[in-house]
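# Coordinate inspection notes
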Amino acid sequence: MTTIFDALTESHEKQRILLDAILQTSAGSEARASFYQDLKSELAAHAAAEERHFYAPLIQSDNSIDLTRHGIAEHHVIDKIIAQLDDTDYNSSAWLTLAKKLKHKVLHHLEEEEQRFFQIAGKVLTSEEKVSLGEAYNEEMVS
C-alpha cells in the first residue's frame, strides 16, 4: 500500500535527480533542454496533484492550514522562476543562475515538506486517508 507520503517522496526524488542533472549539463547541450523539459513536466504535474490530493484535505484542519498555505505559496514562487527560465536563453549564464535559484527553492520546499509538513499531516490524516490520497495522487501522476 502506497501512502501519500510514499507517493510524494518518489516524485521528490525524481525532482532532485533532474535538478542535479540539469546543473551538470553544459550550455547549448540537448541534455540541458531535455532534462529541463522533464523537470518542468514533473514539477507541474506534482504541484497540481499535490495541491489536489495532499494540500486540499489538509487545508481544512487548523493544525495544518498555515503549512498548507505556505506550500501553495512556494509552488507559485517556483512557477515564477520557471517562467523566468522559459524567457532566458539556455546558453546564457543567466539561465544557469536561475536554474541554481530554482534548485535552491525546490530543495527548500521538498525538505520543509518532508521534515515538517509530513509529521503534522501524519497526525491530521487517518490511515485510510493516507492510502486513498496516495492512490489518487499516483493515478493523477500517470494520467
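Above this text you will find the structure in question.
A brief report on the enclosed structure follows. Quantities reported herein were computed from a predicted structural model and do not represent experimental measurements.

On to the side chain of Glu-50, then. Mapping Glu-50 onto the fold places it in helix H2 (residues 30-58). Buried Glu-50, no salt bridge; nearest opposite-charge side chain is Arg-16, N-O distance 11 Å.

In this section: empty space enclosed by the protein. A full pass over the atoms with the stated rule returns two cavities of 30 Å³ or more. Looking at the largest cavity, its volume works out to about 80 Å³. Along the walls of the largest cavity sit Gln-15, Leu-43, His-46, Ala-47, His-75, Ile-78, Asp-79 and His-109, which together make up its complete lining. Every element with two or more residues in the lining of the largest cavity is listed here: H2 and helix H3 (65-86). Roughly 60 Å³ of volume is contained in the second largest cavity. Looking at the second largest cavity, the residues that line it are Tyr-55, Leu-67, His-70, Gly-71, Glu-74, His-109, Glu-112, Glu-113 and Phe-117. Residue composition of the lining of the second largest cavity, by class: three nonpolar, three polar and three charged.

Before going further, it helps to examine helix H5 (residues 127-142). With 16 residues, H5 extends 23 Å from end C-alpha to end C-alpha; this agrees with the ideal 22 Å at 1.5 Å per step. For H5, every residue scored as buried is listed here: Lys-130, Val-131, Leu-133, Gly-134 and Tyr-137. Taken end-on, H5 shows its buried residues confined to a sector of 170 degrees, consistent with a single buried face. Exposed side chains of H5 directed beyond 90 degrees from the buried face belong to Glu-128 and Glu-139. Elements in contact with the buried residues of H5: helix H1 (4-23), H2 and helix H4 (93-124).

Let's shift gears to the pattern of salt bridges. Oppositely charged side chains can pair when the atoms bearing their charge come close. Under the defined criterion, the tally for this structure stands at six salt bridges. A salt bridge links Arg-16 to Glu-13; the nearest nitrogen and oxygen atoms lie 2.9 Å apart. Note that Arg-16 and Glu-13 are positioned in helix H1 at a spacing of three residues, about one turn of the helix. According to the relative accessible area criterion, Arg-16 is buried, its value standing at 19%. A salt bridge links Arg-52 to Glu-140, with the shortest nitrogen-to-oxygen separation between them at 2.4 Å. Taken together, the positions of Arg-52 in helix H2 and Glu-140 in helix H5 put the pair 88 residues apart, joining distant regions of the chain.

Conventions adopted
Counting restarts for each chain, with residues numbered from 1 along the sequence as it is written. Per-residue local features are limited, in this predicted model, to residues with pLDDT of at least 70; the limit for side-chain atom pairs, both in listing and counting, is 80 or more; totals at the level of whole chains, interfaces and linings are taken over all residues. Calculated side-chain values reflect all of the structure's heavy atoms, with hydrogen atoms and water omitted. Numbering goes from the N terminus for both helices and strands, where a helix is a DSSP run of H or I of at least four residues and a strand is a run of E of at least two. Three exposure classes are used, based on accessible area relative to the maximum for each residue type with a 1.4 Å probe and protein chains only: buried under 20%, partly exposed in between, and exposed over 50%. Within this scheme the basic residues Lys and Arg register as positive and the acidic residues Asp and Glu register as negative, but His and the chain ends are omitted. For this document, the term salt bridge refers to a Lys or Arg side-chain nitrogen within 4 Å of an Asp or Glu carboxyl oxygen. Buriedness of a pocket was judged along seven lines, with at least five required to meet protein on both sides within 12 Å; pockets are open sets of points on a 1 Å grid over the protein atoms alone, cavities are sets where a 1.4 Å probe fits but cannot get out, and lining residues have an atom within 4 Å of a point. Grid points are joined across faces, edges and corners, and a volume is the space filled by probe spheres set on the points. Note on residue categories: nonpolar means Ala, Val, Leu, Ile, Met, Phe, Trp, Tyr, Cys or Pro, charged means Asp, Glu, Lys or Arg, and polar means any other residue, Gly included. What a helix is expected to span follows from its residue count: subtract one and scale by 1.5 Å. The directions considered for the arc run from the helix axis to the C-beta atoms. By definition, residues are in contact when any of their heavy atoms lie within 4.5 Å.

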